[in-house]
Amino acid sequence: MPELPEVETVVRGLRDSLAGRRIVSVRLGKTDFIDDPAALERELPGLRIETISRRGKFIVLGLGNGAAVGEDGSSDSALLVHLGMTGNLSPRAAAEPLLPHTHVQLALDDGRELRYTDPRRFGRMAWLPATRLAEFGARLGAEPLAVNESEFAARLAGRRAMIKALLLDQHVFAGLGNIYADESLWRARVHPRRHASSLKPQQVCRLWREVRHVLQASLRAGGSSISDFRNADGQPGWYQLRHRVYQREGKACYRCRSKIRRVIVAGRSSHFCPQCQPRPRSR
DNA sequence: CGTTGAACCTGTTTGC
DNA sequence: TGCAAACAGGTTCAAC
């Protein structure tokens, strides 16, 4: 579920209600998706949530002791939350009954709890001290909405891998996932199996524009809700109503009425129009 | 480097 | 109806 637009939607929803709140206590259920569960229990109580931001598909809760806040806005430490496929992070009244698969409860100083639920537990959670924060950011690729055209092209230059694989690779661009990769490629008329190095500069430029277009349009829609994505307020997004190829196998292309096809590329279902997105010459 | 397949989990949908 | 297979927004690792 959660790619850049969904994660950003969650972050924006959390920002107002969470900023300035202090974590009072930590309660953990299943912990196999947490890097170091003991560190959460040891470090989080007493810390204040100072910032709520996003890096790639990670939610970053910037934490501090509330006393001496760094002037530069940097935090003493951070709690990273990756929603995986089915993760959900939202504040609830402490009295509210727990939803199934609730694995983390962070009690806040205003009587609420920040709860993390995740049926499949493909998500991740980790507490990082400031010293490890920089390396975390450095390991991730560029923010697709922050790169300009030439930076975008530079990231693909000299890469012989299939374009779909590179769009999904979080070390290249951080935040794109299966939905928005397919939607961007359809808009740019590029076949998912095209090798990046075979794309003409004009096609790379087009792809850069369409990636931005799709992400921004989805952001305005509050993301895509395929089955279970909900923002921090429990509301679904509606960008799924705008999908042009994703999960539209066998249906008519919005441009040329050809039947949308689905193939596996980079191990993931990939939807494309065989007419609008001609397959590469050979391999 | 690049590609594939499996693994990690649970839930829902599809097909025989 | 019932059961098995396929599939799902993600990442990581081993093997070739």
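The structure we're discussing is the one just above.
This is a predicted model, so every value here is computed, not measured.

Draft legend 1. Representation of the overall build of chain A. If you tally the helices and strands in chain A, you get seven helices and 10 strands. Its C-alpha atoms give chain A a radius of gyration of 20 Å, near enough to 19 Å, the size a compact globule of 283 residues would have. Projected onto its principal axes, the C-alpha coordinates of chain A cover approximately 60 × 35 × 30 Å. Sequence separation of 24 or more characterises 62% of the internal contacts of chain A that already satisfy a separation of 6 or more. For chain A, the computed accessible surface area is about 13500 Å², with 48% contributed by carbon and sulfur atoms.

Draft legend 2. Seen up close, the side chain of Glu 113. Structurally, Glu 113 can be placed in strand β7 (residues 112–117). A distance of 2.8 Å separates polar atoms of two side chains, one belonging to Glu 113 and the other to Arg 115. Here Glu 113 is in contact with Ser 90, Pro 91, Arg 92, Ala 94, Gln 105, Leu 106 and Ala 107, once residues within four sequence places are set aside.

Draft legend 3. Spotlight on the packing of aromatic side chains. Summed over the entire model, instances satisfying the criterion amount to four aromatic pairs. On the numbers, 6.1 Å between centres and 35° between planes, the contact of Tyr 180 with Tyr 239 is tilted. Highlighted residues: Tyr 180 in helix α6 (residues 178–188) and Tyr 239 in the loop between α7 (201–220) and β9 (261–265), separated in sequence by 59 residues. The pair formed by Tyr 180 and Tyr 239 is uniform in burial state, with each residue classed as buried. Taking the ring centre of Trp 186 as reference, the NZ or CZ of Arg 255 above it sits at 3.8 Å.

Draft legend 4. Layout of the protein's contact with DNA strand B. Taken together, the residues surrounding DNA strand B are Lys 30, Asp 32, His 101, Pro 119, Arg 120, Arg 121, Phe 122, Arg 159, Arg 160, Ala 161, Met 162 and His 195. By atom count, sugar and phosphate contribute 66% of the portion of DNA strand B lying within 4 Å of the protein. Separating a sugar or linking oxygen of DNA strand B from a backbone N or O atom of Pro 119 is a distance of 3.5 Å. Note that a phosphate oxygen of DNA strand B is positioned 3.1 Å from one of the backbone N or O atoms of Arg 160.

Draft legend 5. The packing of α6 against α7, seen in detail. Orientation of α6 relative to α7, taken along the N-to-C sense of each, is 130°, at an axis distance of 8 Å. It follows that α6 is oblique to α7 by the angle criterion. Between α6 and α7 lies a crossing whose hand is right-handed. Here Tyr 180, Glu 183, Ser 184, Leu 185, Arg 187 and Ala 188 of α6 come into contact with α7, specifically with Arg 206, Leu 207, Glu 210, Val 211, His 213, Val 214, Leu 215 and Ser 218.

Draft legend 6. Broad picture of the state of the cysteines. Following the criterion strictly, the structure yields zero disulfides and no others. For the unlinked cysteine Cys 205, the closest cysteine sulfur is that of Cys 276, found at 19 Å. Not part of a disulfide, Cys 276 finds its nearest cysteine sulfur in Cys 273, a span of 3.6 Å.

Draft legend 7. Inspection of the nonpolar core at higher detail. By size, the foremost hydrophobic cluster in this structure holds 31 residues, and its most contacted members are Leu 44, Ile 59, Leu 61, Leu 63, Leu 79 and Met 125. For this core, the element with the most residues is helix α1 (residues 4–18), which contributes five residues.

Draft legend 8. Spatial organisation of the sheet that holds strand β8 (residues 124–129). Strand order in the open sheet formed by four strands is β2-β3-β4-β8, with antiparallel pairing between adjacent strands. Bordering the open sheet on either side are β2 (48–55) and β8, each of which pairs with just one other strand. Between one strand axis and the next, the sheet turns through 20° on average, direction left out of account. Taken together, the six bridges between strand β4 (residues 77–82) and β8 define a ladder with antiparallel strand orientation.

Draft legend 9. Spotlight on the environment of Val 172. Here Val 172 lies in the loop between α5 (163–168) and α6. A relative accessible area of 4% means that Val 172 is categorised as buried. Along the primary structure Val 172 and Ile 226 are separated by 54 residues, whereas in three dimensions their C-alpha atoms are 26 Å apart. Apart from the residues lying within four places of it in its own chain, the contact partners of Val 172 are Gly 141, Ala 142, Arg 155, Arg 159 and Leu 166.

Cut-off values and rules
- Residues numbered from 1 in each chain as written.
- Chains lettered and ligands numbered in written order.
- Predicted model: local features only at pLDDT ≥ 70, side-chain atom pairs only at ≥ 80, totals over all residues.
- Heavy atoms only, no water.
- Helix = DSSP H or I, 4+ residues; strand = E, 2+ residues; numbered from the N terminus.
- Rg over C-alpha atoms; globule rule 2.2 N^0.38 Å.
- Contact = heavy atoms within 4.5 Å.
- Areas by Shrake-Rupley, 256 points an atom, 1.4 Å probe, with all protein chains shown as cover.
- Polar contact = N/O pair within 3.5 Å; in protein donor to acceptor, adjacent residues only side chain to side chain.
- Phe/Tyr/Trp six-rings, centres within 6.5 Å; stacked < 30°, edge-to-face > 60°.
- Buried < 20%, exposed > 50% of the residue type's maximum accessible area, 1.4 Å probe, protein only.
- Lys NZ or Arg CZ within 6 Å of the ring centre and 35° of its normal.
- Near = heavy atom within 4 Å.
- Axes fitted to C-alpha atoms, helices over the stretch in contact; angles between N-to-C directions.
- Parallel < 35°, antiparallel > 145°, perpendicular 65-115°, else oblique.
- Left-handed = near helix turned anticlockwise from the far one by under 90°.
- Disulfide = S-S within 2.5 Å.
- Core = buried A, V, L, I, M, F, W, Y, C linked by side-chain atoms within 4.5 Å.
- Pairing = 2+ DSSP bridges.

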